[in-house]
Amino acid sequence: MSTYSSWRSDHGNMQALSEELEAQAAMARSREASLNRRLRSLEGDLSSRVEVLQRLVNALIELGEVREELALFTPARRARDAARALVRAVVSGEGDVSYLRRSPDLADVHGYWLVPAALAVADVREGRLDDDAAQEALVRDRRRAAVFLVGVCALVGHPGLAEPWLSSVLHAPAAPDAGWGSATELSAPDPDEGAVEAPVTVAERALWLAAAAGLLGPAGTESVRDALAQRVGLLDAGARDRLRLALLAEAPALGGGGDSWGSPSGARDDLEVLRAWAAWARAASDGQGDGASTEPARAAVLSVVSSVVDEGAPVERDLLGRAETLSERVGRAPGEEQEWSAPAESLVDLLAADARGDDPDRARLVAPLLAEDLRAAAHDLAARLAAEPAPSRTLRLAGRSVTVTPTDDGARLATTARAELVARPVDGISWPVVGGLAAVAVVALVLAVVVTPAWWFVVALVGAVAGYQAVGGARRARDQREHVRRQLELFDAEIVRARQDVADDAERAGTRCEAVAEVVVELDQALDGVRA
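Keep in mind it's a predicted model, so treat the numbers as computed, not measured.

About the cut-offs
- Residues numbered from 1 in each chain as written.
- Predicted model: local features only at pLDDT ≥ 70, side-chain atom pairs only at ≥ 80, totals over all residues.
- Heavy atoms only, no water.
- Pairing = 2+ DSSP bridges.
- Helix = DSSP H or I, 4+ residues; strand = E, 2+ residues; numbered from the N terminus.
- Axes fitted to C-alpha atoms, helices over the stretch in contact; angles between N-to-C directions.
- Parallel < 35°, antiparallel > 145°, perpendicular 65-115°, else oblique.
- Left-handed = near helix turned anticlockwise from the far one by under 90°.
- Contact = heavy atoms within 4.5 Å.
- Nonpolar A, V, L, I, M, F, W, Y, C, P; charged D, E, K, R; others polar.
- 1 Å grid on protein atoms, 1.4 Å probe; cavity = no way out; pocket = protein on both sides within 12 Å on 5 of 7 lines; lining within 4 Å.
- Points joined across faces, edges and corners; volume = space filled by probe spheres on them.
- Buried < 20%, exposed > 50% of the residue type's maximum accessible area, 1.4 Å probe, protein only.
- Salt bridge = Lys/Arg side-chain N within 4 Å of Asp/Glu carboxyl O.

With five bridges joining them, strand E1 (residues 393–397) and strand E2 (residues 400–404) adopt antiparallel strand pairing. Bridged to Leu 395 within E2 is Val 402. Counted along the chain from E1 to the antiparallel partner E2, the turn is two residues long, and its residue Ala 398 has a positive phi close to 55 degrees.

Turning our attention to the packing of helix H8 (residues 202–213) against helix H12 (residues 294–310). Running from amino to carboxyl end, H8 crosses H12 at an angle of 150 degrees, the nearest separation of the two axes being 8 Å. Between H8 and H12, the angle falls in the class roughly antiparallel. Pair H8 / H12 crosses with left-handed handedness. Residues Val 202, Ala 203, Ala 206, Leu 209, Ala 210 and Ala 213 of H8 touch H12, and the partners they reach there are Thr 294, Ala 297, Ala 300, Val 301 and Val 304. Among the residues making up the contact of H8 with H12, the classes are represented as ten nonpolar, one polar and no charged.

Summed over all chains, the structure comprises three cavities of 30 Å³ or more. In this structure, the largest cavity encloses a volume near 80 Å³. Leu 170, Val 200, Glu 204, Trp 208, Val 224, Ala 227, Leu 228 and Arg 231 are the residues that line the largest cavity. Contributing elements (two or more residues each) for the lining of the largest cavity: H8 and helix H9 (217–233). Considering each element in turn, the lining of the largest cavity owes the most residues, four residues, to H9. Here the lining of the largest cavity is built from residues that sort into six nonpolar, no polar and two charged.

Attention now moves to the side chain of Glu 311. Mapping Glu 311 onto the fold places it in the loop between H12 and helix H13 (317–329). Classification of Glu 311 as buried rests on a relative accessible area of 11%.

Right, let's get into the side chain of Thr 201. With respect to the secondary-structure elements, Thr 201 resides in the loop between helix H7 (166–170) and H8. Once you skip the residues sitting within four places of it in the chain, Thr 201 turns out to touch Trp 340, Ser 341, Ala 342, Pro 343 and Ala 344.

As a further point, take the packing of helix H2 (residues 74–92) against H12. At a closest axis distance of 10 Å, the pairing of H2 and H12 adopts a crossing angle of 165 degrees. When the axis of H2 is compared with that of H12, the two are roughly antiparallel. Considering how the two elements wind past one another, H2 and H12 form a crossing that is right-handed. Packed against H2, whose contacting residues are Arg 80, Arg 84, Val 87 and Val 91, the element H12 presents Leu 302, Val 305, Val 309 and Asp 310 at the interface.

What follows concerns the pattern of salt bridges. This model, assessed by the stated rule, comprises 27 salt bridges. Between Arg 128 and Asp 123 there is a salt bridge, with its nearest N and O atoms 3.8 Å apart. The residue Glu 420 makes a salt bridge to Arg 400 at a minimum N-O spacing of 2.7 Å. Within this pair, whereas Glu 420 is found in helix H16 (residues 411–423), its partner Arg 400 is found in strand E2, the two being separated by 20 residues in sequence. Overall, the relative accessible area of 32% leaves Glu 420 in the partly exposed class. Beyond isolated ion pairs, a larger network of salt bridges with shared partners links Glu 372, Arg 375, Asp 524 and Asp 528.

Structure, rendered in C-alpha cells:
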C-alpha cells in the first residue's frame, strides 16, 4: 500500500472516530439535561410535600394543644355528654330516665345553659316541664335554650309547653348572639330599620317544616306563620319582584300542576300556569294536609337539637369550633350536620319552593303569605298580555311598505304601490336607435340605386340590425310586463294571506286575553278563600 493511501485510511478512521465521540458527547449532554430536569422536578415535588407535611404537623400540634386546653373544661364536656344521653332517652321514649337525671356528670356548670335545659325536659314526655329549670336556662342563653326547649317539646308531642319561647327562635336574627341572655322577650325586627331580606337560619327552617307538618300544634303553627308574615312584610321591592317572578316561573304541583302543565312543545304557557295556580289556591283552602311531611320535619328538628347541644359551653365553644376545623384539615371527613344558626336559604327561595313543591302541608302553610303577591303577579301578567302590540304583517311592493293590522287592511297603500309599479316605464323598443338605422338604410338604398349596387349590402346589414333591435325591444317589453303581472299576483296573494293571518292572530290574542282575565278572576276568588 502506498504512503498516500495509508495516510488517507488513517485520516478517515480518525474522522469517523471523532464523529462517534461527538455523537456520544451530545447524547451525554442530552441525558445530563434530562436528569437535571427530573432532579428539579423531584426537588419541587419534595418541597411541596414537605410544605404539606409541615402544615399537617402544625395542625396536629395545634389540635393537640386545643384538646389539652379543652381538657381543662372536662366538667362541661361530661355534663354535655350526660345531657345528650338524657335528651336522647327522652326523645326516643325509653321510659324511666331518672337514672340519667341523677347522673353525677349532669352537674351544673357555671354559665352553661344546657344542664338546666336538659333537666327541664326530663319529664316532658309525661307533659311536665320544669319551669324553674327552663327559666334558668333561658336566663343563661335565651336563643340556644329556646331552640332546645321548643325542639324537644315538639319531638315528644307536647309543643304547647314551649310555646312561650317560640318567638325567641323565630326572631333570632334581630337579637345579638350573646352567651348571657336575659329573660325578657325578644322583639320582632323593626320595620323602620330598613327592608331587607333576612336569611332564614337552619333552626328557623326546621321549625318552619315542623309547623307545616303539625308538630308545633295549631298555636305554634300560627306563631310561625305570623313570624313569616312579618319577614314577608319587610321584603323590599326588588325581593318582592323576584318572589313574584319565581311564583309564575312554573306551575305548582299542588292542585294537579307541575310538569303536566305547559304547551305541547314544552314551553311555558302563561295561561296554563295561571290555571294551575288557581287550582293550587283552591286546594290550599280545602283543609289540612295529610301529614306526609312529618318524618322530614322531625329529622330537621332533631338535627337542630343535636347541633345546639354539640355546640358546647360558652367557655369552650370557640375551642370546639377550632378543633373541628383542625380535625377536617388533618384528614377527617367534615360532618353533614349543619350548624343550627347557619343560614339555610333566602326567604324568597324557600317560599317559592314550598309553594311550588309537592308537599301539600308546606304549600298550605305559605299560601296565606303569598296570596297578595300571587294576586299582584297574576294581574301584572294579565296587564302585560293586554298591552302587547296588535299583530301585524308588513309587505313591500314597488319600494313601498304596506302594513296590515286588525284595524287597517292596507288597501290604500296597496293601491298606491300597485299604481306606482304599473306606471314604471318599460324598457322596450329603442325607437331612436331603430329610426336612425332606418334612415341609414334609406340613404344606403338611394346610393345603391344611383351609385353602385354594392350599397345593397349596407342596406341589408342595416335592415337586419334594425329588425333585431325592434324584435329584442318588443321581447323585453313583453317580459317586463309579465314580470309586473306576476309581482302583482304574488302581492295580491300575500296581502290576502297577511290579512287572514292578522285576523287569526288578533282573534287568538283576544281569546287569550279573555281567557286570562277569566282565570285571573277565578284566581282572585280562590285566593279569597285562602285562610289568612
